[in-house]
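Letter by letter, the chains look like this.
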Amino acid sequence: MMLFVLIELLLIFGRQFAKFHVYGPVHLYDLLFLLLSFWAAKVVFQNRQKISLSWPIVALIGFGVAYVVYSYLAGVGPTHYIIRHFAIFVYLIGGYIIFLAFASENSTETTRRFIVLVGIMAVVGQIITHFYNYITIEDYPLFGRFNYLSYMAVLGIMSFSAYNLVYQKRLVYKITFVVLSLFLSLTLGHASAFLATAATIFIYIVIRTKPVYKLIGILVFTGFIVGLYMYWPQFTDHNASWRIIYWKETLEQAIFDNYALIGNGFGVPLVSEESVQVLNEAIGSKEFINKPEERYLSPMHNSFITIIFHIGLVPSLLLFLPLLQPLKYILWKGNKESYNSEKDFLILVLVGCMVWASFNVVLELPHVTAFFWLVYFSVIHVFEAENKVAVSNLSD
């Protein structure tokens, strides 16, 4: 319940709560999250015989811990930057421990209801935000600027779309509320917010179509993405170009220079001198030149590439290994008898979260990490629970 409260506070108050300063380097959210993690660790230890761990997640965490120890002992960078960069794993570890503390057969339903609540609150809150801005801001632009209530509201709106796609029975309501979600995502000022919401619709269609038609759907959505990139200004502007170049340089280093196995650790500059020159020559970006400290502070705006940078490409794949079963479910389920509304809903929400994290600094910061990991571990839990039941039935 405390985790749910923290997420709701992030939804309502956003950065004001996430970055509320307590003392020195301590912020209120991080303090509460760590206290909750320590309490959850005690619960997990007491019930350790009943706890079932996911070995890819444990291995992933192991790599993160090994690299942070190495980074500190080797002095690869300033300690405060080592701590700042390692936060991406702190939120992962804390989220996993908290989930393990309350995970049970009934917890998934509780989580599902909570996610639906977050979606409804986000939509209502975003509409109120627009009305308030319209009244208080002269010539308030509904499009073309950041208008979101909070970062959590972005994922909430996407979750609202997923809920109506899966659970709304009346077609007119389904269409109305999904269109509302798409419209609201367009007003947030982030093209990736619209893409995350659109992804929920696409994956829903893929799940609910027969396998023979899934490839067609994938090709259509690929064409849709290409069209957005070619004709939507936000996918071709300076920021988009900056991201693509940054991703390319980081992945080339990870694959060729580090043999896809070795990470850079924590506390080192996130962008090399060579990449700074490439960004400057290609698009005239002087962000890292004028502010050298930004080399430590501005990650790739793709949380998964950030993880790859820190611990290496192959170790980072451990994050996706538990998602092979959900992927198989998406690609092969295609008849009414095989539909599972709970799975469909959680998968759609996770897909939206992952799209959002693929274009923004998400898992590195506290604003939505608790929600992301809650959804991620819930998806894994649903499929693991089904496997245990299947194995039990076979043994009987």
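Rules and cut-offs
- Residues numbered from 1 in each chain as written.
- Predicted model: local features only at pLDDT ≥ 70, side-chain atom pairs only at ≥ 80, totals over all residues.
- Heavy atoms only, no water.
- Helix = DSSP H or I, 4+ residues; strand = E, 2+ residues; numbered from the N terminus.
- Rg over C-alpha atoms; globule rule 2.2 N^0.38 Å.
- Buried < 20%, exposed > 50% of the residue type's maximum accessible area, 1.4 Å probe, protein only.
- Contact = heavy atoms within 4.5 Å.
- Areas by Shrake-Rupley, 256 points an atom, 1.4 Å probe, with all protein chains shown as cover.
- Lys, Arg positive; Asp, Glu negative; His and termini not counted.
- Charge placed at Lys NZ, Arg CZ, Asp CG, Glu CD.
- Salt bridge = Lys/Arg side-chain N within 4 Å of Asp/Glu carboxyl O.
- Core = buried A, V, L, I, M, F, W, Y, C linked by side-chain atoms within 4.5 Å.

## Concerning the overall build of the protein
- Looking only at helices and strands, one finds 19 helices and two strands in the protein.
- Computed over C-alpha atoms, the radius of gyration of the protein comes to 21 Å, within 12% of the 21 Å expected from 2.2 N^0.38 for 396 residues, which places it in the range of a compact globule.
- Overall, the C-alpha framework of the protein stretches about 60 × 55 × 45 Å when taken along its three principal axes.
- Counting only residues that meet the buried cut, the protein has 50% of its 396 residues in that class.
- For the protein, the proportion of contacts with a sequence separation of at least 24, taken over those separated by at least 6, is 79%.
- Just so you have it, the protein exposes about 19700 Å², and 67% of that area is on carbon and sulfur atoms.
- Charge separation in the protein, taken as the distance between the mean sites of 25 positive and 23 negative side-chain charges, equals 10 Å.

## Examining the pattern of salt bridges
- Scanning all chains against the criterion turns up five salt bridges.
- Across the pair Arg-112 and Glu-109 runs a salt bridge, and its minimum N-O distance is 2.7 Å. Of this pair, Arg-112 and Glu-109 both sit in helix H6 (residues 107-136), three residues apart, which is roughly one turn of that helix.
- A relative accessible area of 12% places Arg-112 in the buried class.
- A salt bridge links Glu-273 to Arg-295; the nearest nitrogen and oxygen atoms lie 3.1 Å apart.

## Regarding the nonpolar core
- One finds Phe-371 and Tyr-376 to be the most contacted residues of the largest nonpolar core, which totals 100 residues.
- Apart from residues no more than four positions distant in its own chain, Phe-371 is found in contact with Ile-7, Ile-115, Val-118, Met-152, Leu-155, Ser-159, Val-349 and Cys-353.
- Ranked by size, the runner-up nonpolar core spans 13 residues in total, among them Ile-245, Leu-270, Val-271 and Phe-309.

## Overview of the environment of Ile-307
- Looking at where Ile-307 falls in the secondary structure, it is placed in helix H15 (residues 303-311).
- Considering only alpha carbons, one finds Ile-307 and Thr-250, 57 residues apart in sequence, at a separation of 11 Å.
- Once residues lying within four places of it in the same chain are set aside, the contact partners of Ile-307 are Ile-88, Phe-89, Gly-312, Ser-316, Leu-319 and Leu-363.

## Observations regarding the side chain of Ser-316
- You can see Ser-316 is positioned in helix H16 (residues 313-316).
- Taking the relative accessible area as the measure of exposure, Ser-316 reaches 4% and is therefore buried.
- Setting aside chain neighbours within four positions, we find Ser-316 in contact with Leu-60, Ile-307, Ile-308 and Ile-311.

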